[in-house]
2 protein chains.
Amino acid sequence: MGDLVENKEWYVAAYCPEGVPTSDHLKLRTVSLSLASDSIPDNHLAVETLLLSVDPFLRGTITGTVEGLFISQFQLDQVLTTFAVVRVIRSKDSKYSVGDLLLNGYGLVAEYSIVPSSHIIRKIDTSNGISLSDYLGSLGVPGFAAWLGIEVLGDPKPGSNVFISAASGAVGMNAGQLAKIRGCRVIGSTGSDDKVNLIKEQFGYDDGFNYNTESDFDAALSKYFPDGIDVYLDNVGGKMLEAVLNHVNMNARIPLCGMISQYNKVWTERDGVRNLLNIVGKEVRMEGFMIKSYLHRFGDFVKYIEGYLQEGKIKPKSKINIGIESFLESLNSIFSSSNIGKVVVQVKT
Amino acid sequence: MGDLVENKEWYVAAYCPEGVPTSDHLKLRTVSLSLASDSIPDNHLAVETLLLSVDPFLRGTITGTVEGLFISQFQLDQVLTTFAVVRVIRSKDSKYSVGDLLLNGYGLVAEYSIVPSSHIIRKIDTSNGISLSDYLGSLGVPGFAAWLGIEVLGDPKPGSNVFISAASGAVGMNAGQLAKIRGCRVIGSTGSDDKVNLIKEQFGYDDGFNYNTESDFDAALSKYFPDGIDVYLDNVGGKMLEAVLNHVNMNARIPLCGMISQYNKVWTERDGVRNLLNIVGKEVRMEGFMIKSYLHRFGDFVKYIEGYLQEGKIKPKSKINIGIESFLESLNSIFSSSNIGKVVVQVKT
């Protein structure tokens, strides 16, 4: 490793208020970066990126307007950050050694970076048989969101009727398995018949439906929830949320994890939900959550999930795209109905 | 009092799925009722009605469809029931004596009735200086709803920014005063300049606006909530709720008490709320509630409110309409923007 590296990185060239981000908005550039010892401040690490987490919330960081998810916007010309698995090249922090694998909560979408060690969430121990990509999936952002949605906010009882939208996505696949572990009856919606089979066969969902073919959501929910819905983990918003509100049971809980059907629209163009009055009559609790507010629970989450992963009671699934060049395409793939499981970009092995 | 009385009563002649109920839907009839001792079963009371509570939720009991508020529908030909102050004429329950004034949770909208004593919520002691009509207002359904919305679900801190819609209505006037007792900054919306003055001068609101003249709700909320909204007690739903969601602070709470702007429409015609994504980013908790689920807290509520009423720290206001004939007109008056305070029908003195 020389002191100076040619470093590829994705930066914000222009904001994208609506529609799908393109290469007009996010661009790849190559810059020189010094990894020389005197370029690394105390309590910092020089790292190389192995894996980058590709998550829907990133869409909310480049709209140029602060609404909806209310996430801080990346500035123009700024390099994106996301959860990342990185390897230490040089260390100016005695807690970390060269070669350590780390989970970085603010990983630059770049091949190399110099990071404050305060950004490191945990060391990764590869001896436990868990795949590196799962640290970004079942043990990363989407797994944590699923755990918060089911274990903390939804809190279904054994036998409860649980509905999960975007069921084959990174959050949905974990959430369904967590609800099954709790003894619930779990139904998912997803975008193809193949994915319906997948959530039943691989993730243990009791049943599911393809929202593209069963597009009368109200009829679909009548069919799959003859006894109503007790917990709905909402990942999509819009028309599906409206349909769910016609099928909720008393005191149903609706943790709002995200609304992937709505991200690419300005708010005035989003689907209006007309039946919020049902929330009154059914005394529903609808609650939004962002993982950043629950980081104090991350340790509890990891402890809970790791055992189930090792026992095979939670089966993860990742789509690993090779090369940092694939980052934009990977981001957009989450918004297409072909996506399955956790999307990860492998930068290095 | 003879054994047989001519009894006027309001019954459901036809359901009213949308629009304002008329004399086609609710009709007054006169029937003969025996109050003879052998007509009164054990643990029942013959009572005469003094005051009837007129509440928005009644609108939801005669739509003929179970959605929205999901309240049991009155059957066709059935006499309506509501909270009522009644006086005992004959008693077959040793706990109650002739002349006792009682709060009846299922008071028939009739001059006389024979009621199971299990329907009686409490005895009314007139020696404490509290007006009888306040037992249906600040100490009745709307007061209880206000207490639940502010004290139990909204739970604002001193200094919190609290917004209350329908602020001069029966729930709003109590809720604003409860939030002021908690040390909050309280702003209300209401339907006329006179009512804005009223909520400031009589109910202690810090400020308020007339939604008919300041009809750009987003601009109004920017003006009255430069620091955002921490708690919104929603009594109206629709466009005001949508506007509020553009002004909520992190972890804002929105107890949904009712949606008076939406009751007279079928659900597919109701206003769609397009910015629910803000609930995610701001991690808002929106929760519907119905008083029937909290009746175990009624005693706590009464204890809390009675003292403030006697000290004059909660100032009630009622509109008392005379004669059971005025019931339909009284019900519809709640849905007009001229309504102020608690509407009560005085059947007898």
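About the cut-offs
- Within every chain, residues take consecutive numbers counted from 1 along the sequence as written.
- All chains are assigned letters beginning at A, and all ligands numbers beginning at 1, according to the order in which they are written.
- Only residues with pLDDT of at least 70 get local features here, since the model is predicted, and only at 80 or more are side-chain atom pairs given and counted; chain-wide, interface and lining totals rely on the full set of residues.
- Values reported for side chains reflect all heavy atoms of the structure, with hydrogen atoms and water molecules removed beforehand.
- Put simply, two rings from Phe, Tyr or Trp (the six-membered ring, in Trp's case) pair if the centres are within 6.5 Å, and we call them stacked under 30 degrees between planes, edge-to-face over 60, tilted for the rest.
- The secondary structure listing takes helices from DSSP runs of H or I that are at least 4 residues long and strands from runs of E that are at least 2 residues long, numbered from the N terminus.
- Residues count as neighbours in contact if any of their non-hydrogen atoms are within 4.5 Å of one another.
- Criterion for a salt bridge: a side-chain nitrogen of Lys or Arg within 4 Å of a carboxyl oxygen of Asp or Glu.
- N or O atoms closer than or at 3.5 Å make up a polar contact, with two conditions inside protein: a donor-capable atom paired with an acceptor-capable one, and, for residues adjacent in sequence, both atoms drawn from side chains.
- Start and end points for every domain follow an automatic or database-based domain assignment.
- We define buried area as the total accessible area lost by two parts upon association, computed with a 1.4 Å probe and summed across both.
- Under the grouping applied here, Gly and all other residues not named as nonpolar or charged are polar, the nonpolar ones being Ala, Val, Leu, Ile, Met, Phe, Trp, Tyr, Cys and Pro and the charged ones Asp, Glu, Lys and Arg.

Peer 1: Account for the packing of aromatic side chains, with residues named and values stated.
Peer 2: All names here are of chain A. In total, this model carries 22 aromatic pairs over all chains according to the counting rule given. Their ring planes at 20° and their centres at 6.1 Å tell us that Phe144 and Trp147 sit as a pair that is stacked. Within this pair, Phe144 and its partner Trp147 are both found in helix α1 (residues 141-154), separated by three residues, close to a single helical turn. Ring pairs connect the aromatic residues Phe163, Phe209, Tyr224, Phe225 and Tyr232, which therefore count as one cluster.

Peer 1: Break down the interface of chain A and chain B for me, with residues and values.
Peer 2: Contact residues are listed per partner, giving 38 residues for chain A and 38 residues for chain B. The tally of links between chain A and chain B comes to two salt bridges. When the shortest N-O distance is used, the salt bridge between A:Arg285 and B:Glu287 registers 3.1 Å. Across the chain A-chain B interface, the total number found is twelve residue pairs in polar contact (both at pLDDT 80 or more). Contributing elements (two or more residues each) for the side of chain A that touches chain B: α5 (238-245), β12 (248-256), α6 (277-281) and β13 (285-288) of chain A. Counting residues per element, the side of chain A that touches chain B draws most heavily on α6(A), which supplies five residues.

Peer 1: Explain the domain arrangement of chain A to me, and be specific about the residues and the numbers.
Peer 2: All names here are of chain A. Segmenting chain A into domains produces domain 1 (4-133 + 316-346) and domain 2 (141-292). Taken over C-alpha atoms, the centre of domain 1 sits 29 Å from the centre of domain 2. Across the boundary between the two partners, domain 1 contributes 24 residues, which contact 22 residues of domain 2. Summed over both partners, the interface of domain 1 with domain 2 buries about 1,800 Å², with 62% contributed by carbon and sulfur atoms. Together, Leu69, Lys317 and Ser337 form the three largest contributors to the area buried by domain 1 at its contact with domain 2, with a combined 24%. Along the contact surface separating domain 1 from domain 2 lie zero salt bridges. Here domain 1 and domain 2 share one residue pair in polar contact (both at pLDDT 80 or more) between them. When grouped by side-chain class, the residues that make up the side of domain 1 that touches domain 2 number twelve nonpolar, six polar and six charged.

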